[in-house]
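# Coordinate analysis (summary)
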Amino acid sequence: GIDSPVTAEVSMLDALGPDISVVQEVARPSTESDQCLWFGDNPRQGIAITTSGEYRVERLPTARNVPKFVFPVLITGPVTFSLLAVWAKTGQKHSYVEAVVQAAKLYRSLIESGPTVLIGDLNSNANWDRAHPKDRNHSALIKLLSKLGLVSAYHTHFNEEHGAESAPTYYFLWKHSRPYHMDYCFLPEHWANQITKVEVSPYQGSERLSDHRPVIVDVLPSAG
């Protein structure tokens, strides 16, 4: 399974038992290994990619002038693929989804070279398209990724439209009354019929651990 539990505690990760996890806003670990890499410029808040079992992770070259924060890694194991770990932020030259659009363009050759997953906290939704230029909003990102052969696991599995999601992944100010869907796992379109489960953890039970909810995607090992 591929798991993107944004801002989650390690204990939650252990309970979920993912093969591969991408965690945003997490502190730099004391050590890195071929099963744990960390990226960021603030040691208290960055992106961690961890693997378990037979899976390993290694750094890939970072594109020149790529916006913060989209980091490429190679996942090897029963299924081998490239992974772009995302934490789209504000206060940058390219804010939020605009950074992800630009990064997808810069990593186009990587995405086209083999199976690639783009996953993480995109801080984006089709309902906010008007807040960004038409060529750099959420709908533009979906169109670009579709051309590159990537689809959203959640939207494909549940047959829901972008902007009309029934399961929130984030609660503004930790409030159950302020839900949004802004965390995604885009994977190769030819993997779509091999997805066995997509799940967004409910608010209840983990609301004190994070204002985001884990997004869990299980894909058959033959998906590579």
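Residues numbered from 1 in each chain as written. Predicted model: local features only at pLDDT ≥ 70, side-chain atom pairs only at ≥ 80, totals over all residues. Heavy atoms only, no water.

## So, the side chain of Glu165
Secondary-structure assignment places Glu165 in the loop between helix H5 (153-158) and strand S10 (170-171). Judged by its relative accessible area of 17%, Glu165 falls in the buried class. Here Asn125 takes part through its side chain, which lies 3.1 Å from a polar atom of the side chain of Glu165. A distance of 2.9 Å separates a polar side-chain atom of Glu165 from the backbone nitrogen of Gly163. Residues contacting Glu165, with those up to four places away along its chain left out, are Asn125, Tyr154, His155, Glu160, His181 and Tyr184. (Helix = DSSP H or I, 4+ residues; strand = E, 2+ residues; numbered from the N terminus. Buried < 20%, exposed > 50% of the residue type's maximum accessible area, 1.4 Å probe, protein only. Polar contact = N/O pair within 3.5 Å; in protein donor to acceptor, adjacent residues only side chain to side chain. Contact = heavy atoms within 4.5 Å.)

## Focus on helix H4 (residues 138-147)
Along H4, the positions that sit buried rather than exposed are His138, Ala140, Leu141, Leu144 and Leu145. The buried residues of H4 occupy one face: seen down the axis, they fall within an arc of 155 degrees. The exposed set on the far side of H4, more than 90 degrees from its buried face, consists of Lys143 and Lys147. Among the residues of H4, the N-terminal cap falls to Asn137, whose side-chain oxygen and the backbone nitrogen of Ser139 are separated by 3.2 Å. (Arc of directions from axis to C-beta.)

## So, unusual backbone geometry
Cis rather than trans, the peptide bond between Lys68 and Phe69 has omega equal to -20 degrees. Take Phe69: it is sitting in the loop between strand S5 (56-59) and strand S6 (70-76). Although it is not a glycine, Asn159 adopts a positive phi angle of roughly 55 degrees. With respect to the element layout, Asn159 can be found in the loop between H5 and S10. We classify Asn159 as exposed; its relative accessible area is 70%.

## A look at the sheet that holds strand S9 (residues 150-152)
Backbone-to-backbone hydrogen bonds pair the strands of a sheet. The strands run either parallel or antiparallel. Reading across the sheet, the 6 strands line up as S5-S6-S7-S8-S12-S9 and stay open at both edges, with mixed pairing between neighbours. On the outer flanks of this sheet lie S5 and S9, each paired with one strand and no other. Ignoring which end each strand starts from, the neighbouring axes of this sheet average 25 degrees apart. Lying on the sheet, H4 is in contact with strand S8 (116-121), S9 and strand S12 (183-188); it crosses S12 at an angle near 20 degrees. (Pairing = 2+ DSSP bridges. Axes fitted to C-alpha atoms, helices over the stretch in contact; angles between N-to-C directions.)

## Some remarks on the side chain of His132
With respect to the helices and strands, His132 occurs in the loop between S8 and H4. For His132, a relative accessible area of 17% translates into the label buried. Beyond its immediate stretch of four places on either side in the chain, His132 contacts Ser95, Tyr96, Val97, Glu98 and Asn137.

## Looking at the packing of aromatic side chains
Any pair of aromatic rings gets described here by the distance separating the centres and the angle formed by the planes. Taken as a whole and assessed by the stated rule, the structure comprises 6 aromatic pairs. Taking the centre distance of 4.7 Å and the plane angle of 20 degrees together, the rings of Phe39 and Phe71 count as stacked. Of this pair, Phe39 sits in strand S3 (residues 36-42) while Phe71 sits in strand S6, placing them 32 residues apart in sequence. Classification of Phe71 by relative accessible area gives buried; the value is 13%. An aromatic cluster of at least three residues, connected via ring pairs, comprises Phe39, Phe69, Phe71 and Trp87. Against the face of Phe39 rests Arg59, its NZ or CZ located 4.4 Å from the ring centre. (Phe/Tyr/Trp six-rings, centres within 6.5 Å; stacked < 30°, edge-to-face > 60°. Lys NZ or Arg CZ within 6 Å of the ring centre and 35° of its normal.)

## Quick notes on the nonpolar core
Formed by 33 residues in total, the largest nonpolar core has its most connected members in Ile49, Ile75, Leu83 and Leu187. With 4 residues, strand S7 (residues 81-87) is the single largest residue contributor to this core. Contacts of Leu187, omitting those with residues within four sequence positions, involve Thr116, Val117, Gly149, Leu150, Val151, Ala153, Ile195, Val217 and Val219. With 23 residues, the next largest nonpolar core counts Ala104, Ile111, Leu145 and Leu148 among its residues. (Core = buried A, V, L, I, M, F, W, Y, C linked by side-chain atoms within 4.5 Å.)

## Here's the deal with the pattern of salt bridges
Applying the stated rule across the entire model yields 8 salt bridges. Note that Lys197 and Glu199 form a salt bridge whose closest N and O atoms lie 3.8 Å from each other. Relative accessible area serves as the criterion here: at 32%, Glu199 is assigned to the partly exposed category. Taken together, the shared-partner salt bridges connect Glu98, Asp135 and Arg136 into one network. (Salt bridge = Lys/Arg side-chain N within 4 Å of Asp/Glu carboxyl O.)

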